[in-house]
Amino acid sequence: MAIKGKKIYLEEGFSNKQYSALLKWFNDIEIMKYIFFGKDVLTFKSIKRVKSFCQKVKDAKYFGIYSNKSKKLIGYAVIHDFKNKQCQLGIIIGDKTCWGEGIGYETTKLMAKYSFDKLGLEKICLRVSEYNKRAIRLYKKLGFNLIKKIPEDREAYHNNKWVKSAALRMELRKKSM
Ligand SMILES: CC(C)(COP(=O)(O)OP(=O)(O)OC[C@H]1O[C@@H](n2cnc3c(N)ncnc32)[C@H](O)[C@@H]1OP(=O)(O)O)[C@@H](O)C(=O)NCCC(=O)NCCS
């Protein structure tokens, strides 16, 4: 069953075709530069490796993000680690030509609505690199609050070099949407 939005729709699950798109995105430093696991997946060479990496995430529900216009897969979103009516959220728009068009915003909003209305959750949590200004802006716009700053949370490829990056822990409550 698809979750429908204005610019995109979300469909749960991946087949081999989608995993091969994931492999391409995982190998792209521009996409992965601020992601927690970015440095690791840049070395991935096979679909098998991507699959086993994805399967390791605890209780994950993966959704492909598809353009309404082209019907093409342009990214993915994942919710995982469900406990105490909360979960963690991750999102990657792999098609860079789609950046800055409000698709990250729409995807996050649809994922939050699905988590609150269909799964009965109360809170969505995430961690984002302090350097990922575009992502931080969209989370703030949606109503995510900054909970704390975690120093030296990860390595990020910032200004053309790998550096230590703090992460912002942010949360969206059902009642603030
Ligand atoms: C981060 C990401 C999900 C954002 O999705 P997107 O579709 O490009 O973002 P949107 O268009 O919905 O919104 C981005 C907002 O940031 C703003 N923005 C863009 N570049 C920016 C920058 N360098 N600094 C500050 N704000 C910026 C945009 O203007 C927009 O704000 P606005 O709606 O007020 O104009 C997407 O770019 C992506 O997948 N990047 C690679 C993976 C990643 O970093 N994922 C997030 C992990 S936490």
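Anything mentioned here points back to the structure above.
This report concerns the structure included in the present document.

Analysis parameters
Residues numbered from 1 in each chain as written. Predicted model: local features only at pLDDT ≥ 70, side-chain atom pairs only at ≥ 80, totals over all residues. Heavy atoms only, no water. Core = buried A, V, L, I, M, F, W, Y, C linked by side-chain atoms within 4.5 Å. Buried < 20%, exposed > 50% of the residue type's maximum accessible area, 1.4 Å probe, protein only. Helix = DSSP H or I, 4+ residues; strand = E, 2+ residues; numbered from the N terminus. Contact = heavy atoms within 4.5 Å. Salt bridge = Lys/Arg side-chain N within 4 Å of Asp/Glu carboxyl O.

1. Regarding the nonpolar core
Step number 1: With 32 residues, the main nonpolar core has Leu10, Ile65, Val128, Tyr139 and Phe144 as its most contacted residues.
Step number 2: Elements supplying a minimum of two residues to this core: strand S2 (8-12), strand S3 (61-67), strand S4 (73-83), strand S5 (86-93), helix H5 (103-118), strand S6 (123-129), helix H6 (133-142) and strand S8 (161-173).
Step number 3: In terms of residue count, the dominant contributor to this core is H5 (six residues).
Step number 4: If sequence neighbours within four positions are ignored, Phe144 has contacts with Leu89, Thr108, Ile124, Leu126, Tyr139, Met170, Glu171 and Leu172.
Step number 5: If you look at the next biggest cluster of nonpolar residues, it comprises 21 residues, including Tyr9, Trp25, Tyr66 and Leu73.

2. Focus on the pattern of salt bridges
Step number 1: The tally for this structure, following the rule as stated, stands at 10 salt bridges.
Step number 2: Across the salt bridge formed by Lys149 and Glu130, the nearest N and O atoms sit 3.6 Å from each other. With Lys149 in strand S7 (residues 145-158) and Glu130 in the loop between S6 and H6, this residue pair connects regions lying 19 residues apart in the sequence.
Step number 3: For Lys149, a relative accessible area of 52% translates into the label exposed.
Step number 4: On the basis of relative accessibility, which here comes to 19%, the residue Glu130 falls in the buried class.
Step number 5: One salt bridge in this structure joins Glu171 and Arg169, with 3.2 Å as the shortest N-O distance. One exposure class covers both Glu171 and Arg169, and it is buried.
Step number 6: Shared partners join several salt bridges into a network, and the residues in it are Asp28, Glu30 and Lys96.

3. As for the environment of Asn160
Step number 1: Structurally, Asn160 is set in the loop between S7 and S8.
Step number 2: For Asn160, a relative accessible area of 66% corresponds to the exposed category.
Step number 3: Asn160 sits 127 residues away from Lys33 along the chain, and the two C-alpha atoms are 9.6 Å apart.

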